[in-house]
Amino acid sequence: PSPSAAFPTRGRSSLLPEAPPPACDSPFLGARAWNTRRRTSPQSPKFDLVRRTLGNLAHIGHSSMADQSFLDRMVSQLRSTCKYYTGYPKDLGPSRIIPFTSERQFVQLLHEGRPVVVAFSIKCTYTQHLDKVLEEAAATFYPHIKFVRVECPKYPGFCLTRQKNEYPFIEVFYSPEQAASQGKGVDANVTKYSVKVLPFNHDQSVYGFREYFKKHGFSYSETK
């Protein structure tokens, strides 16, 4: 019932009861519960039922607050161990993905000595999902493993050297070493390097990257 129906009103005090009900802090007590208290004595079965119900509700509220930390731990465990659990959206902070700008920049990045995950990408429906996975993975494994995105339409020469026909794809570059032989007719001011490259063939998720890094012995720690 509306407040005007439950409580007789006068003049301008249209929302105030003529006779104030007993004080009650619980939002579960409305006009009907107040009317029940007026009609029943503290010793009546109805009063006991109302009191027990309110006590149970208060206990549930207290328990839910106490269990919040347990739920947070459970969700964190799911995110770290379950292959298919995507979890709720979380704040990843600033993007940790490094946009490819030149081969010189890429070589400098390799010489930092950390594995570099490179996503060779084009604009399509599938890459929208891949971009989200890369953002979360880059934030999770930062700064121990670098993530680079190459927009192949802007840098076709670099992408064509990988000799792939299907996009997008991911490769992992690591352990750059100076080439033993620079070859003939090479400018003396130019130093050649060789780098190990592995295709990424695991599930495209944070879980998949984690299992891949474990398999190949890449050291890392995760940012929670």
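Further up the page is the structure itself.
Residues numbered from 1 in each chain as written. Predicted model: local features only at pLDDT ≥ 70, side-chain atom pairs only at ≥ 80, totals over all residues. Heavy atoms only, no water.

## What about the nonpolar core?
Line of reasoning, step 1. By size, the foremost hydrophobic cluster in this structure holds 21 residues, and its most contacted members are F147, F209 and F213.
Line of reasoning, step 2. Counting residues per element, this core draws most heavily on helix α6 (residues 125-141), which supplies 6 residues.
Line of reasoning, step 3. Residues V148, C152, F169 and F173 belong to the second largest nonpolar core, which totals 14 residues. (Core = buried A, V, L, I, M, F, W, Y, C linked by side-chain atoms within 4.5 Å. Buried < 20%, exposed > 50% of the residue type's maximum accessible area, 1.4 Å probe, protein only. Helix = DSSP H or I, 4+ residues; strand = E, 2+ residues; numbered from the N terminus.)

## Observations regarding the state of the cysteines
Line of reasoning, step 1. In the structure shown here, the tally under the stated rule is 1 disulfide.
Line of reasoning, step 2. The disulfide partner of C152 is C159, and the gap between their sulfur atoms is 2.1 Å. Of note, the bridge from C152 to C159 carries an S-S torsion of about -85° and is left-handed in sense.
Line of reasoning, step 3. For C152, a relative accessible area of 7% translates into the label buried. (Disulfide = S-S within 2.5 Å.)

## Here's the deal with unusual backbone geometry
Line of reasoning, step 1. Across the junction of Y142 and P143, the peptide omega takes the value 0°, indicating a cis bond.
Line of reasoning, step 2. Within the secondary structure layout, P143 lies in the loop between α6 and β3 (146-151).
Line of reasoning, step 3. Cis geometry marks the peptide bond from Y167 to P168, where omega comes out at -5°.
Line of reasoning, step 4. Although it is not a glycine, Q163 sits at a positive phi angle of roughly 55°.
Line of reasoning, step 5. Along the polypeptide, Q163 turns up in the loop between α7 (156-160) and β4 (169-178).
Line of reasoning, step 6. What makes Q163 exposed here is its relative accessible area of 71%.

None of this, on its own, says anything about what the molecule does.
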